[in-house]
Amino acid sequence: MYGKFQQFLNDELRDIASAGLYKKERIVRTPQKADICVNEGEEVLNFCANNYLGLSDNARLIEAAKKAMDARGFGMSSVRFICGTQDLHKQLECAISAYFKTEDTILYSSCFDANGGLFEPLLTEEDAIISDALNHASIIDGIRLCKAKRYRYANADMNELERCLQEAQAQRYRVIATDGVFSMDGHVAPMDRICTLAGKYDALVMVDESHSAGVVGPTGRGVAELFDVYDQVDVFTGTLGKSFGGAMGGFTTGHREIIDLLRQRSRPYLFSNSLAPAIAGASIEMFGLLDESDELHSRLMENVQCFRHKMLEAGFDIKPTQSAICAVMLYDAKLSQDFAQRMQEEGVYVTGFYYPVVPREEARIRVQLSAGHEKAHIDKAVRAFIKVGKELNVIK
């Protein structure tokens, strides 16, 4: 049987490669930071990591991870409810709850698992989930695992959301699910209007803060801070793998009863190993660091504004953004791959995105700024964009 299936697989892979869309992984040979070495030691500036606050190689976090490993060991070898809960896990959950001003938090191995394990334990076929069309794949997959009736509204379209909410009055409970920042475009969900509609039509609100926590809002505390809707969002999900140190781990935080029921029934929590002590210990230190100063967030926002201004001035088509994500629109899938390859030759590491990650004919280079970038890094990146953009007839 495999002979026939193997031929099918080879044909599919050949088609991907012939279209110039084959994804090749570049090997990073240094810590994750603004300047890295890839492949055989090629030095490049990194503009495609989720390392928004530049904490992935932070010395304090590395030391905290070492201390936690020395004190609590390498791994847990168990799930939480059997014998996998340490004091570090509870301390980290308290730190996350304090950051988001919620009652309780539950940890997962990733935010994909947090979203995958959120809806099914809480909702039945009597209920409804109303989801933004551009929500992350993990939210979509989590919804698929739930028997609740599904509604979908066009990205940030409040008229469509209201129509869906009106139709969903036929169901028992309703949940509006949205990303805080939409990762491919970089724009923020209109949480003030979403929460107003939720109040009007008696719905709960769920927000994934993966790309917004640490980034948006006056002090980078996410969309609840940006729109002052802490008391109107019922549940947040998020990751420790982006702004919050860049390692791994996810969480769900919100009302105490929601978190308690997830501890009893959420399958990714019940059947996955606990977070490693080193990650828990470093993450506790990270929240302490963010409490001390807004310096990293302020530096990040300065870098975003600088990059956007220079790129727009050069004539590039960049989607509006309130986050650290700047989508440089190229529209053609193969062009996005050729552009990214030429940028690497110029010493700047970026990635081109195309269908099915983004809609057809909306291919782009997604640039992600970091507090770890210096002005010289940004200037070099912009010069490379201009040079390659002219070569490939993207700008004049």
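Read on for an overview of the structure. (Residues numbered from 1 in each chain as written. Predicted model: local features only at pLDDT ≥ 70, side-chain atom pairs only at ≥ 80, totals over all residues. Heavy atoms only, no water.)

This part covers the state of the cysteines. A disulfide bridge is the covalent bond that connects two cysteines by way of their sulfur atoms. Using the criterion set out here, one finds zero disulfides in the structure. The thiol of cysteine 94 is not disulfide-bonded; the next cysteine sulfur, from cysteine 111, is found 20 Å away. Look at cysteine 94 and you get exposed, because its relative accessible area is 55%. (Disulfide = S-S within 2.5 Å. Buried < 20%, exposed > 50% of the residue type's maximum accessible area, 1.4 Å probe, protein only.)

It is worth spelling out the nonpolar core at this point. Note on soluble globular proteins: their nonpolar side chains tend to be buried together. The biggest cluster of nonpolar side chains holds 90 residues, and the ones touching the most others in it are Met191, Phe244, Leu300, Val367 and Phe385. A total of eight residues in this core trace back to one element, the largest contributor, which is helix H13 (residues 277-292). Grouped together as the second largest cluster of nonpolar side chains are 20 residues, Ile139, Met206, Leu262 and Leu270 included. (Core = buried A, V, L, I, M, F, W, Y, C linked by side-chain atoms within 4.5 Å. Helix = DSSP H or I, 4+ residues; strand = E, 2+ residues; numbered from the N terminus.)

All right, on to a nonpolar patch on the surface then. Taken together, the side chains of Met1, Tyr2, Phe5 and Phe8 define a hydrophobic patch exposed on the protein surface, amounting to about 510 Å² of accessible area. Tracing the chain through its elements places phenylalanine 5 in helix H1 (residues 2-18). (Patch = residues over 30% accessible without salt bridge, like charges linked within 9 Å, V, L, I, M, F, W, Y side chains within 5 Å. Areas by Shrake-Rupley, 256 points an atom, 1.4 Å probe, with all protein chains shown as cover. Salt bridge = Lys/Arg side-chain N within 4 Å of Asp/Glu carboxyl O.)

In this section: the sheet that holds strand E2 (residues 42-46). Sheet architecture is open: three strands sit in the order E1-E2-E11, paired in mixed fashion. Where the open sheet ends on each side, the last strands, each with one partner, are strand E1 (35-38) and strand E11 (348-349). Relative to E11, E2 runs parallel, the two being bridged by two bridges. Note on E11: the bridge partner recorded for leucine 45 is valine 348. (Pairing = 2+ DSSP bridges.)

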